[in-house]
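Single-letter residue listing:
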Number of protein chains: 4
Amino acid sequence: MKLDINQIEQHNASLSEAHQRKFDFIANEIKDVEAVIEKLQAFQIAIPSWALGTGGTRFGRFNGPGEPSTLEQKIEDVGLLHALNKSSGAISLHIPWDIPTDAQKIKDLAASYDLTFDAVNSNTFQDQAGQEFSYKYGSLHHVDARVRKQAVDHNIEVIKHGEALGSKSLTVWLADGSSFPGQLNFREAFQNTLSSLQEIYAALPSDWKLFVEYKAFEPHFYSTTIADWGQSLLLASKLGDQAYTLVDLGHHLPNANIEQIVSLLLMEGKLGGFHFNDSKYADDDLTAGSIKPYQLFLIFNELIDGLDARGLDHATGLGWMIDASHNLKDPLVDLLQSVDAIKLAYAQALLVDRVSLKQAQQENNIIKAQEILQDAFRTDVRPIVAEARKRSGAAIDPVALFTALNVRGQLVQERGEKSVATGL
Amino acid sequence: MKLDINQIEQHNASLSEAHQRKFDFIANEIKDVEAVIEKLQAFQIAIPSWALGTGGTRFGRFNGPGEPSTLEQKIEDVGLLHALNKSSGAISLHIPWDIPTDAQKIKDLAASYDLTFDAVNSNTFQDQAGQEFSYKYGSLHHVDARVRKQAVDHNIEVIKHGEALGSKSLTVWLADGSSFPGQLNFREAFQNTLSSLQEIYAALPSDWKLFVEYKAFEPHFYSTTIADWGQSLLLASKLGDQAYTLVDLGHHLPNANIEQIVSLLLMEGKLGGFHFNDSKYADDDLTAGSIKPYQLFLIFNELIDGLDARGLDHATGLGWMIDASHNLKDPLVDLLQSVDAIKLAYAQALLVDRVSLKQAQQENNIIKAQEILQDAFRTDVRPIVAEARKRSGAAIDPVALFTALNVRGQLVQERGEKSVATGL
Amino acid sequence: MKLDINQIEQHNASLSEAHQRKFDFIANEIKDVEAVIEKLQAFQIAIPSWALGTGGTRFGRFNGPGEPSTLEQKIEDVGLLHALNKSSGAISLHIPWDIPTDAQKIKDLAASYDLTFDAVNSNTFQDQAGQEFSYKYGSLHHVDARVRKQAVDHNIEVIKHGEALGSKSLTVWLADGSSFPGQLNFREAFQNTLSSLQEIYAALPSDWKLFVEYKAFEPHFYSTTIADWGQSLLLASKLGDQAYTLVDLGHHLPNANIEQIVSLLLMEGKLGGFHFNDSKYADDDLTAGSIKPYQLFLIFNELIDGLDARGLDHATGLGWMIDASHNLKDPLVDLLQSVDAIKLAYAQALLVDRVSLKQAQQENNIIKAQEILQDAFRTDVRPIVAEARKRSGAAIDPVALFTALNVRGQLVQERGEKSVATGL
Amino acid sequence: MKLDINQIEQHNASLSEAHQRKFDFIANEIKDVEAVIEKLQAFQIAIPSWALGTGGTRFGRFNGPGEPSTLEQKIEDVGLLHALNKSSGAISLHIPWDIPTDAQKIKDLAASYDLTFDAVNSNTFQDQAGQEFSYKYGSLHHVDARVRKQAVDHNIEVIKHGEALGSKSLTVWLADGSSFPGQLNFREAFQNTLSSLQEIYAALPSDWKLFVEYKAFEPHFYSTTIADWGQSLLLASKLGDQAYTLVDLGHHLPNANIEQIVSLLLMEGKLGGFHFNDSKYADDDLTAGSIKPYQLFLIFNELIDGLDARGLDHATGLGWMIDASHNLKDPLVDLLQSVDAIKLAYAQALLVDRVSLKQAQQENNIIKAQEILQDAFRTDVRPIVAEARKRSGAAIDPVALFTALNVRGQLVQERGEKSVATGL
């Protein structure tokens, strides 16, 4: 299924008057709305292939209808998203769930939807059929060199798939850890991980980045071998200039100040990528902005500040990606909501009066500093984000259009009720 | 110091045009803005006397200048706040820090500022000079009946002070707990607390309420005798119809769903009062809405829903109070920011389309339910809250006016740099 | 596979000398070791049928070999455990994973292993093939009365299965909750849950207990409808005398004082059952005592104190059960380790000098109280627990014997490498 | 007051028979008890001067009687502790609370108690009378270079005091942080801190170490400028070889795996010192081992493993210190309990069979690894620690002797009921 540009235009026309009224108001209230819109239009958030199907918990999974069961259908899904919001112009593949049999054909298909390929993701947290060694006790950190080699080889293979598709980065999320005291020698696990990563790094094309993700806990419940930003940074620093830390919002201990971590990583030139989602308790993988929208804004505030300080382009300076699990909601609508929430937070952060903020900080005027941030956050920027979408040829209200067109219904008709996405 | 009505009018005049433009826009976008304004005008948040001075942490205290050092000056401070926002029309006293020597005179003074007396608060978490028994090992839960009696008597005395001033409720925040396993017999501590509270309850005037506050931890670090809403509800239920649970936002374990607790307490008819503040880690006592504004909105969403379901008036159905500690910011401005944030959250929650929400819930349409809540939260309601202030004769922008008038500077002139507020 | 009594005797004989030496020492050091041993022998911890297979996380599952794939094999597994430790004399079934086709045959089989049937567990957190309504949006709390009815009927069916087997209690763990603000009306969800539970309660045989389990979060990530002990107690109180709260160690928010909760529930006569496991982060479901052994001891300290205060028998006063997930370790050995850790904690708690503790508490002698608890905890009670096992005809060192006999290897031979347990 | 050696000998004689019986038993059960005893005798834990008085919380302080009010009395107190346990042979001073007027005299006094001077501690988290600039908004991270200079100068002065006394390290615990979003520019705060620390580092004698402590939160409640081990390590690495990270057990986010952090810091050659205490919720500063004794053991397990791997001496390889706050218990007894708990954990960790553990890890034999650790932890090592004390001329049971001799009573007689220790 492909959206017809007329459908979008019709939808926009129907909302045009109300939209224009709201946009005119806000455009008049803020400084340089055009610069904000331009940045919003350029800002793209990659969609991971595994987020297109219904996720589950360890207690079960309630399938949704019409899930994409092939890589082609996944690209079709992201194509639909991108047509609706013109902000999801890249797809992030997960190997082995999404091995392309004919890379060129897949590239062409993606191009037909105006999509590119973002970071490729390896998987050494599950065993695949026919695999020689099990990852039950880890992969890159494993005590057995043969297991490490198998995992390294897999990552190198993932890089090759990525090269064929035009990806420029590899994300390594390592589930390796332990669930019981004594299970691991922490130092040896770290050193094994480092040397495994060094082998992968050596295979990295010179224009690629290696993203080292960290996570506080789960699927292991005593220790994780790359558990926090400090450990990831240590590894990335030892690896070299092409290695970076990747931050996933849900991968922290309770109450962590993520915006500060982001700021320091940018300061060190070592923040590489970002996984958006939201959470209340653990790695809940909920819709971005659905639980702590102010935190999302504060993170964007630091991202902008840090990127600007390094002279990096907002859109391309980091790898931006959603990483969520859709257990209850329609995955496509959930992704539309996430992208929208991310762009709202970005727009609000763009409104922060940085000159005044700097001055307030220099004067320890905490009240003023708070007012500046809250002023930006409390501004209703929805018409600006909608305007950016409209100008890019997307829908003013993507969720409404998705619903009105019964997109899911059409996908079910094409794919059947019981199609199941590969992945978790 | 007392604000001159002309000062407020002048301030409002200077902001009038911009305010009107913004208000007209939003008034046109939402349904029945007048009903919202009316509710906002009626909604008053009590100011606790201890929040008027600079707070400290166990590591020290950095005094601010011009703090109120007498009860009269505290009333003057709240009078200033109320003049600026017309939303802080009550003061909550803390005994023994604020014992009035001449109750009628104090009442008259408060009335001259248009203030009433909210809940009175007892203090059995500190020893006072000349006190016979120490509260080092607790008060109402103490193993020694004489200590319990002393604490009960103190509470009864607090009630009497409250009666003289026109208060209608007593808040008991009990620090009683233990810092080491074995220190307490939990059941005995609970039973002692219950019987002590029963004695206090017996002394309660028939038109009073008793608020039983709970707190997860601090100042004790192993157990707290009234540690969660379940324990508070158990006590309040055993005490009788005049006893209620009081919820303080900062008194929970990490990640607690406070809005659900609030909802259930209202369902049981046992939610009595509410202490506003904000926190990231523990009982941080920060400015309301400064860390988790969406949570504050969600709580108001439940409060409104629950109050409406019981046919209770929003303004009077519960006791509303700020409870914060101002370690870094000017306490008066901090309070202005808190009250503003509370009213913004309340206004947003009033915008929730409850009919549609109910319908979405009945259909398990989670996407729609989320959109309804986010739609309300993302609305910029600042002009509505400002309009409510303006109509009540308060300042459109209280913080700006406070700054412009150099209120603190004048207070310093009147009171001196080194005046120190009684309290923590 | 069934253990031959000779195998155990041979094992015990080989360890006899070392064991006797250690036991003689400790028997001489403590008061009335015989009373402790007697209680240890009587104390049985039920094994849940789902814990006999390898568990998984949402990121995957690494199967172990020789898992029980039928109810008969599960009983065989528990029989092996019980033969090894004489402390696992009951099995807790989970419907529909363990529906007995011929109850009498199953009962006889269990009896042949000296096993009885503990609480039966219903499952409304997953959909079963052929089920009319989905539990995707909940079961007992569902907005749709037909879904609630289906879930109620299932629970009643579970009771019937339990009756046929001689169970005397039903455990309801309700996953019902929400992952997004707005998804649920909390009050309605609670009321629906209550009325569903009332229907189940009405079908409860008069000599049965209904255990209402609570859990802070997971599989839902915004709210859980029975989220804490307060909510469970509220429901159990409204249901009636046969309804109780069930505490699972892993089902709390970070840092909760579980021993205090246990104590208060016992005080209220509403603690019904207990699920043992251990955790560092969330509901990690690790081996009991593997992370926080002192907490386990402190909980037993309260359990003993509270049971004694009510004159309840330790062994039968509450329902004792393990609830863990074995992702990495051999489930049977993990269960042996759990049972051992539980009995060690119980034994240590039995050593607490309650008269001195009471006196220290009355004198606020915190140092003494701490010393009394630590004195018990620091005592090496392993020889006492081993002696209790030996006297009951079990192995002095069950894990060692399990390994020496290559029990798992034999099970693999009988069942095959790839047998998979039903369940999660 | 000074203990008479006869008092100790008498005490030991009275306990001798029971002690010998227990010691003989355990000495016979474990390998090479003599090596363990030797290590225990060498292991000294420094006592911070501020821990000798009663601590408080922000809600108040309940003074204890007979507190040391001069530096001389503090040394006397540590002298008493050391006489009782021969494990507290060093004192850690805090400037400006403990400025020695005559360093040589103080040194001689300490020497008369067989005490040396451990790390000196600076204080820039409070304002001192007469100080030119306030630390309300921070010190080493302050936006104003003059404030930073004042704080740097203070640290350099602290070093000078330390040199005069024979200290060899400076501990910088920096409270600097922020309580509100926007208050700080995180990067600037970090850079200011770095450059301030560089100035201090430049003044460091060549045989000194600089310990950079971190803390997750408190006294600031939004961000802390050195908030976690990653930030501390980054600073220590940029500073140079004499700079190290200092770990305080209570300074982490909930559920942090501290033993892993310790292990990695040792691996990097950057773990410098250790502050012992215990906590359940936050920086509770409770008696070491009173809440999570198994965690303490696991940390020691990593410390030993890491120190051995680097060929460092256990006793001198790191700076060992207690950092606790005694709000309820007699500080001296609390310290005796802490030191005892630390040595028990150390002794248990020394019992770990490292060869078998290594082998179990290489085989992913998790069950075995767990058994090895639990075997060590479950061993009752109290007689070994007591024997080490006895051989060093200390008391077999220091707490009992402290109580029997009524040490506190004698101190009260000497110092008066109302003496108050300087400090928090």
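Residues numbered from 1 in each chain as written. Chains lettered and ligands numbered in written order. Predicted model: local features only at pLDDT ≥ 70, side-chain atom pairs only at ≥ 80, totals over all residues. Heavy atoms only, no water.

If you look chain A up in an unreviewed UniProt entry, it shows as Sugar isomerase from Sphingobacterium hungaricum.

Participant: Teacher, can you tell me more about the interface of chain D and chain A here?
Facilitator: A common way to report how large an interface is uses the accessible area buried once the components associate. Each partner contributes residues to the interface: chain D has 52 residues there, and chain A has 52 residues. The contact between chain D and chain A buries some 4,700 Å² in all, and 57% of this surface belongs to carbon and sulfur atoms. Scanning the region where chain D abuts chain A turns up six salt bridges. Where the side of chain D that touches chain A is concerned, the elements lending two or more residues are α6 (186-202), β8 (223-224), α7 (229-239), α8 (258-267), α9 (293-309), α11 (354-362) and α12 (366-378) of chain D. Per-class residue counts for the side of chain D that touches chain A are 24 nonpolar, 19 polar and nine charged. (Contact = heavy atoms within 4.5 Å. Buried area = accessible area lost by both parts, 1.4 Å probe. Salt bridge = Lys/Arg side-chain N within 4 Å of Asp/Glu carboxyl O. Helix = DSSP H or I, 4+ residues; strand = E, 2+ residues; numbered from the N terminus. Nonpolar A, V, L, I, M, F, W, Y, C, P; charged D, E, K, R; others polar.)

Participant: Just checking my understanding: could you explain the pairing of strand β10 (residues 271-276) of chain D for this structure?
Facilitator: Every regular strand shows the same layout, with side chains that alternate between the two sheet faces. Residues and elements named next belong to chain D. Where burial is concerned, most of β10 is hidden: six out of the six residues are buried. Pairing between strand β9 (residues 243-248) and β10: four bridges, direction parallel. Bridge pairing in β10 places valine 247 opposite phenylalanine 274. Inspection of the sheet shows β10 paired to strand β11 (residues 319-322) by four bridges, in the parallel sense. Looking at the pairing, histidine 275 lines up with methionine 321 of β11. At this point the chain moves from β10, through α9, to the parallel β11, and the crossover so formed is right-handed. (Buried < 20%, exposed > 50% of the residue type's maximum accessible area, 1.4 Å probe, protein only. Pairing = 2+ DSSP bridges. Right-handed = clockwise from strand over helix to strand, strands pointing away.)

Participant: Is there a simple way to think about the relation of the copies chain D and chain B in this case?
Facilitator: Two copies of a chain can be linked by a rotation about an axis combined with a shift along that same axis. In screw terms, the move from chain D to chain B is a rotation of 180 degrees and a rise of 0.0 Å along the axis, fitting with an RMSD of 0.0 Å. Both copies are brought into coincidence by an operation consistent with a two-fold rotation axis. Within chain D, D:Arg58 has its C-alpha nearest the rotation axis, a separation of 2.2 Å. The fraction of interface residues of chain D whose copies in chain B are also interface residues reaches 100%, indicating that both copies meet through the same surface. (Least-squares fit on C-alpha atoms with pLDDT ≥ 70 in both.)

Participant: Please explain the interface of chain D and chain B as it appears in this structure.
Facilitator: With 46 residues of chain D at the interface, the matching set in chain B holds 46 residues. Surface buried jointly by chain D and chain B totals about 3,900 Å² across both partners, of which 67% is contributed by carbon and sulfur atoms. For chain D, the biggest contributors to the area lost against chain B are D:Arg58, D:Phe59 and D:Leu328; these three give 24% of the whole. There are six salt bridges connecting chain D and chain B. Between D:Asp283 and B:Arg58 there is a salt bridge; the shortest N-O distance is 2.9 Å. Applying the counting criterion to the chain D and chain B interface returns 12 residue pairs in polar contact (both at pLDDT 80 or more). Of the residues belonging to the side of chain D that touches chain B, the class tally is 20 nonpolar, 15 polar and 11 charged. (Polar contact = N/O pair within 3.5 Å; in protein donor to acceptor, adjacent residues only side chain to side chain.)

Participant: Is there a simple way to explain the environment of B:Asn12 in this structure?
Facilitator: Residue and element names in this part refer to chain B. By the element assignment, asparagine 12 lies in helix α1 (residues 5-29). Given the relative accessible area of 10%, asparagine 12 is considered buried. With 378 residues separating them in the primary sequence, asparagine 12 and lysine 390 have C-alpha atoms 7.4 Å apart. Residues in contact with asparagine 12, not counting those within four places in the same chain, are Lys390, Ala394, Ala395 and Ile396. A polar contact of 2.8 Å, which involves the side chain of asparagine 12, links it to the backbone nitrogen of isoleucine 396.

Participant: I'm lost on the sheet that holds strand β10 (residues 271-276) of chain B in this one. Help?
Facilitator: Where strands meet in a sheet, backbone hydrogen bonds hold them as pairs that are either parallel or antiparallel. Residues and elements named next belong to chain B. Strand order in the open sheet made by the six strands is β4-β5-β7-β9-β10-β11, with parallel pairing throughout. Strands with a single pairing partner mark the edges of an open sheet, and in this sheet they are β4 (120-121) and β11 (319-322). Pairing between strand β7 (residues 209-213) and strand β9 (residues 243-248): four bridges, direction parallel. What sits directly across from leucine 210, in β9, is alanine 243. Set on the sheet, helix α7 (residues 229-239) makes contact with β7 and β9; between it and β9 the angle comes to about 160 degrees. (Axes fitted to C-alpha atoms, helices over the stretch in contact; angles between N-to-C directions.)

Participant: Even after reading the chapter, I still don't get the pattern of salt bridges, so can you show me in this structure?
Facilitator: Pairing between side chains of opposite charge can happen when the charged atoms of each approach one another. In the structure shown here, the tally under the stated rule is 100 salt bridges over all chains. Put simply, A:Lys215 and A:Glu218 hold a salt bridge, and the shortest N to O gap is 2.8 Å. Its relative accessible area of 15% is what places A:Glu218 among the buried residues. Across the pair D:Asp285 and B:Arg58 runs a salt bridge whose closest N-O atoms are separated by 3.0 Å. With D:Asp285 in the loop between β10 and α9 and B:Arg58 in the loop between β1 (47-48) and α3 (71-85), the pair connects residues from two separate chains. B:Arg58 gets classed as buried once you look at its relative accessible area, which sits at 16%. Through salt bridges that share partners, A:Arg58, C:Lys215, C:Glu218, C:Asp283 and C:Asp285 make up one connected network.

Participant: Please clarify how the side chain of C:Arg408 should be interpreted in this entry.
Facilitator: Considering the arrangement of structural elements, one finds C:Arg408 in helix α15 (residues 407-415). If we ignore the near neighbours within four places in the chain, the residues touching C:Arg408 are C:Pro65, C:Gly66, C:Glu67, C:Asp330, C:Pro331, C:Leu332 and C:Phe402.

Participant: Explain the packing of helix α7 (residues 229-239) of chain A against α7(D) to me, please; I cannot follow it from the model alone.
Facilitator: For any two helices packed against each other, one specifies the inter-axial angle together with the distance between the axes. One can describe the packing of α7(A) onto α7(D) by two numbers: an axis separation of 8 Å at closest approach and a directional angle of 40 degrees. The angle between α7(A) and α7(D) falls in the class oblique. For the pair α7(A) and α7(D), the crossing hand works out as right-handed. Residues A:Trp229, A:Gly230, A:Gln231, A:Leu233 and A:Leu234 of α7(A) pack against D:Trp229, D:Gly230, D:Gln231, D:Leu233 and D:Leu234 of α7(D). Tallied by class, the residues present in the contact of α7(A) with α7(D) amount to six nonpolar, four polar and no charged. (Parallel < 35°, antiparallel > 145°, perpendicular 65-115°, else oblique. Left-handed = near helix turned anticlockwise from the far one by under 90°.)

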